[in-house]
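Structural overview for review
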Amino acid sequence: MTRDDLREQWRLKSVEAAQADDRAARAKEGKPIFLDNLIETLIEQAEADGKKLAQAKAERMARTSDAYKRYLRTMHDARHKADLLRIEEKDADRRYWECVSSEATYRAEARLHQ
């Protein structure tokens with residue numbers, strides 16, 4: 001594989017890792033918004049049924065809901081994927097520099113044998 005091919009692989013992995021990191025960061029930023037919406041929905045449903053639901057109880061119910069657990073799982077999966085892609089990006093960069101070093105070594109050895 002040529003140096004240009006390796007560099008292009010690194011660039012593509014780097015872009016993919018950055019996009020995955022962005023998705024994970026957006027999911028983390030959206031967590032409090034999602035929780036607040038869930039709490040508000042629970043309180044509104046209780047009021048529609050003619051019941052009073054305390055904020056603390058609505059928060060406990062929201063934090064233990066399946067929807068919130070799914071959101072957290074999705075958020076953590078996105079972070080995990082971003083971390084794995086960052087490792088792949090670093091490996092592609094390492095392979096590029098390994099190629100550059102190998103070429104330099106070859107040139108230096110060629111000069112020695114002239």
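To start, this report covers the structure provided alongside it. Here the structure is a predicted model, which means the values were calculated and not measured.

This paragraph deals with helix α3 (residues 66-112). Compared with an ideal rise of 1.5 Å per residue, which puts 47 residues at 69 Å, α3 spans 68 Å between its outermost C-alpha atoms and is within 8% of the ideal. What α3 keeps buried is the set Y68, M75, A78, A82, L85, E89, A92, Y96, C99 and V100. In this fold, the buried residues of α3 make contact with α1 (3-48) and α2 (55-63).

Next up on the list: α1. Compared with an ideal rise of 1.5 Å per residue, which puts 46 residues at 68 Å, α1 spans 66 Å between its outermost C-alpha atoms and is within 8% of the ideal. In the structure, α1 departs most strongly from a straight axis at G30, where the bend amounts to approximately 35° and where the proline P32 lies between one and four residues downstream. Two residues or fewer past α1, G50 is found with a positive phi of approximately 80°.

Time to look at the side chain of S65. With respect to the helices and strands, the residue S65 is situated in the loop between α2 and α3. A relative accessible area of 18% means that S65 is categorised as buried. From its side chain, S65 meets the backbone oxygen of A62 in a polar contact 2.8 Å long.

Turning our eyes to something else, we now look at the pattern of salt bridges. This model, assessed by the stated rule, comprises 12 salt bridges. Where R26 meets D22, a salt bridge forms, and the shortest distance between an N and an O atom there is 2.8 Å. In this pair, R26 and D22 are both assigned in helix α1, 4 residues apart and thus about one turn of the helix distant. Overall, the relative accessible area of 60% leaves R26 in the exposed class. Residue D91 pairs with R94 through a salt bridge whose shortest N-O separation is 2.6 Å.

One finds L35, L38, I39, L42, I43, A46, L53, A58, A62 and Y68 forming the largest nonpolar core, which totals 10 residues. Mapped by element, the contributors of at least two residues to this core are α1 and α2. Sorting elements by how many residues they give to this core places α1 first, with 6 residues. Those residues in contact with A62, other than ones at most four positions away along the chain, are L35, L38, I39, L42 and Y68. Counting 6 residues, the second largest nonpolar core, distinct from the first, contains A17, A24, A82 and L85.

The subject of this paragraph is the packing of α1 against α3. At a closest axis distance of 8 Å, the pairing of α1 and α3 adopts a crossing angle of 160°. The angle between α1 and α3 places the two elements in the roughly antiparallel class. The two elements α1 and α3 meet at a crossing, and its hand is left-handed. Broken down by class, the residue content of the contact of α1 with α3 amounts to 24 nonpolar, 3 polar and 16 charged.

Rules used in this analysis
Residues numbered from 1 in each chain as written. Predicted model: local features only at pLDDT ≥ 70, side-chain atom pairs only at ≥ 80, totals over all residues. Heavy atoms only, no water. Helix = DSSP H or I, 4+ residues; strand = E, 2+ residues; numbered from the N terminus. Expected span 1.5 Å × (residues − 1). Buried < 20%, exposed > 50% of the residue type's maximum accessible area, 1.4 Å probe, protein only. Contact = heavy atoms within 4.5 Å. Bend = angle between axes of the 7 residues up to and from the residue. Polar contact = N/O pair within 3.5 Å; in protein donor to acceptor, adjacent residues only side chain to side chain. Salt bridge = Lys/Arg side-chain N within 4 Å of Asp/Glu carboxyl O. Core = buried A, V, L, I, M, F, W, Y, C linked by side-chain atoms within 4.5 Å. Axes fitted to C-alpha atoms, helices over the stretch in contact; angles between N-to-C directions. Parallel < 35°, antiparallel > 145°, perpendicular 65-115°, else oblique. Left-handed = near helix turned anticlockwise from the far one by under 90°. Nonpolar A, V, L, I, M, F, W, Y, C, P; charged D, E, K, R; others polar.

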